[in-house]
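# Summary of the model geometry
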Amino acid sequence: MEGKRGTIRCALSAQHLKYAIYISKSGEVIGPFTKKELREAIHCGNVSLDDWAWHKELSEWKSVHAVLPIIHVGRYGKEIGTFDNERDILSGLRDGSLLMGDYFWCEGMSEWKRLSTLEVSKSALATTAQKDALKAAGLPFDDLTTEAQVTALFSAGSDAPATAKQLALLSYLGRPVSENISKKEAADRIDAIIGDNEGADKFRDWNDDKLILFPDIYADEIATRKRECFTQYNAFRAGLGRSFPKLSLEDATRIFVYLDATRPGWLKPRTGMFLDHFLPCVKSKIHLSASQTAAHRK
C-alpha cells in the first residue's frame, strides 16, 4: 500500500486536486473520484462499499463505506430511509418528509442520534418571524419546529374559522374584523401587518398587553406567569431573602387575587411582576388571612 500511496500523492500534486478519493479494487488503484463521482460509481456497481479507499486526510486505507458512510434514518424504531449525504437530510427536513425528532446512524457510530444534532439541520428551522406568527395564531411550536411544519400548521384546518387569539390580535393591531374569516385568512392578515414597520412596532408589546386586555383568552399564560413569579420568590428566599417568610401556594394565590383586584396592570412588564408587585405584598403581609392577621397583631 505504501507504493500505491506514494503514486497517489504524486498524482495529487501533479493534478493540483484539492480533494480526491482513490479506490483500490482487484489489485488496481483507480481514480481520483470526487464524493459525488464515487457515489455514482457505487450506484452503477463499478465500486463496492467493501473496496478500499484513500484520500490525503487519511493515514491509512479504509473501506469505502467508512470513507463515504451511508446515513440511515429511523422513526419510532423503524428505518425509514438511507441517504448519501447531509444535504439530502436537509432536503427531507425542508420538504417535511423528515422530522427533527427522527434518528440517524452511520457506520462507526456507537448509537443512533437525533437529526436535530446535525449542524446542517439548523438551516431547516423556522425563523423568528414564523414562530411569532405561530404564537400570535395560538398554534403550537417549539425550538425544533421546521419551516415545513410551519406551513403544515397554517395549512391544517385552513378553512376553519379564525381562532379567538387571532381575532384578539387583529383587534389589538387596529385591524378588527367583523366578518367570518378563516384561520388561513386571519394568519395571512397578521403576517402582512407584522411585516410592516408600524405593525411590527405595535406587536412588540403584544405579549404583555394581551394578558391585561384579554385575560379570559390567555388565562393559561397568566397562570404560567404567576407560577413563575412564585418560583422566583422561593429562589429569592433561598438565596438573599432568607428573612422573608415561607409561603404556601395558598398564600401566593391570596397575593395574586389581591394584585388582580387592585393593580390590573401588574403583569406588565414581566420583569417587574416579582420585585415591583409581589415582593412588596409579602412585606405588607397581604398573604395572611384575616384571622392570621389578627393573630399576628396580638
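Residues numbered from 1 in each chain as written. Predicted model: local features only at pLDDT ≥ 70, side-chain atom pairs only at ≥ 80, totals over all residues. Heavy atoms only, no water.

### Observations regarding the confidence of the model for the protein chain
For the protein chain, the mean per-residue pLDDT works out to 83, and 89% of the residues sit at or above 70. Segment residues 1-18: pLDDT under 50, and 26 contacts once partners within four positions in sequence are set aside and those in other chains are kept. Within the model, pLDDT remains below 50 along residues 293-298, and this stretch shows 3 contacts once partners closer than five positions in the same chain are excluded. (pLDDT = per-residue confidence, 0-100. Contact = heavy atoms within 4.5 Å.)

### Quick word on the side chain of D102
Mapped onto the secondary structure, D102 falls in the loop between α4 (86-95) and β7 (103-105). A distance of 2.7 Å separates the side chain of D102 from the side chain of R75, its partner in a polar contact. Excluding its chain neighbours within four sequence positions, the residues that come into contact with D102 are V73, G74, R75, I80, K113, R114 and L115. (Helix = DSSP H or I, 4+ residues; strand = E, 2+ residues; numbered from the N terminus. Polar contact = N/O pair within 3.5 Å; in protein donor to acceptor, adjacent residues only side chain to side chain.)

### Section: the state of the cysteines
Following the criterion strictly, the structure yields 0 disulfides and no others. We note that C281 lacks a disulfide partner, and the nearest cysteine sulfur, in C229, lies 9.5 Å from it. When its relative accessible area of 1% is taken as the criterion, C281 is described as buried. (Disulfide = S-S within 2.5 Å. Buried < 20%, exposed > 50% of the residue type's maximum accessible area, 1.4 Å probe, protein only.)

### Topic: the sheet that holds strand β8 (residues 113-114)
Reading across from one edge, β6-β5-β7-β8 is the order of the 4 strands in this open sheet, with antiparallel pairing throughout. With one partner strand each, in any of the chains shown, β6 (78-83) and β8 form the two edges of the open sheet. Where β7 and β8 come together, 2 bridges link them in antiparallel fashion. Across the sheet, the residue bridging to Y103 is R114, located in β8. (Pairing = 2+ DSSP bridges.)

### Quick look at the pattern of salt bridges
Under the defined criterion, the tally for this structure stands at 12 salt bridges. Among the ionic pairs, D51 bridges to K25, the shortest N-O distance being 3.0 Å. Taken as a pair, D51 in the loop between α2 (35-44) and β3 (52-54) and K25 in strand β1 (residues 21-25) lie far apart in primary sequence, 26 residues in all. D51 gets classed as buried once you look at its relative accessible area, which sits at 12%. Where D251 meets R254, a salt bridge forms, and the shortest distance between an N and an O atom there is 3.4 Å. With D251 and R254 both in helix α12 (residues 249-262), this residue pair falls 3 residues apart, about one helical turn. Judged by relative accessible area, which is 25%, R254 ranks as partly exposed. Taken together, the shared-partner salt bridges in this structure form one network comprising E250, D251 and R254. (Salt bridge = Lys/Arg side-chain N within 4 Å of Asp/Glu carboxyl O.)

### Here's the deal with the pairing of strand β2 (residues 28-33)
Bridge count between β1 and β2: 4 bridges; the pairing is antiparallel. Counterpart to I23 in the pairing with β2 is I30.

### Focus: the layout of surface pockets
Computed from the structure, the largest pocket encloses a volume of approximately 240 Å³. Of all the secondary-structure elements, those providing two or more residues to the lining of the largest pocket are α2 and α4. Per-class residue counts for the lining of the largest pocket are 7 nonpolar, 1 polar and 5 charged. Approximately 200 Å³ is the volume attributed to the second largest pocket. Every residue lining the second largest pocket is counted, 13 residues in all, and those nearest its centre are Q130, A133, V150, F154 and D191. At the level of secondary structure, the elements contributing two or more residues to the lining of the second largest pocket comprise α5 (128-136), α6 (147-155) and α8 (183-195). In terms of residue count, the dominant contributor to the lining of the second largest pocket is α8 (6 residues). The residue makeup of the lining of the second largest pocket, split by class, is 6 nonpolar, 4 polar and 3 charged. (1 Å grid on protein atoms, 1.4 Å probe; cavity = no way out; pocket = protein on both sides within 12 Å on 5 of 7 lines; lining within 4 Å. Points joined across faces, edges and corners; volume = space filled by probe spheres on them. Nonpolar A, V, L, I, M, F, W, Y, C, P; charged D, E, K, R; others polar.)

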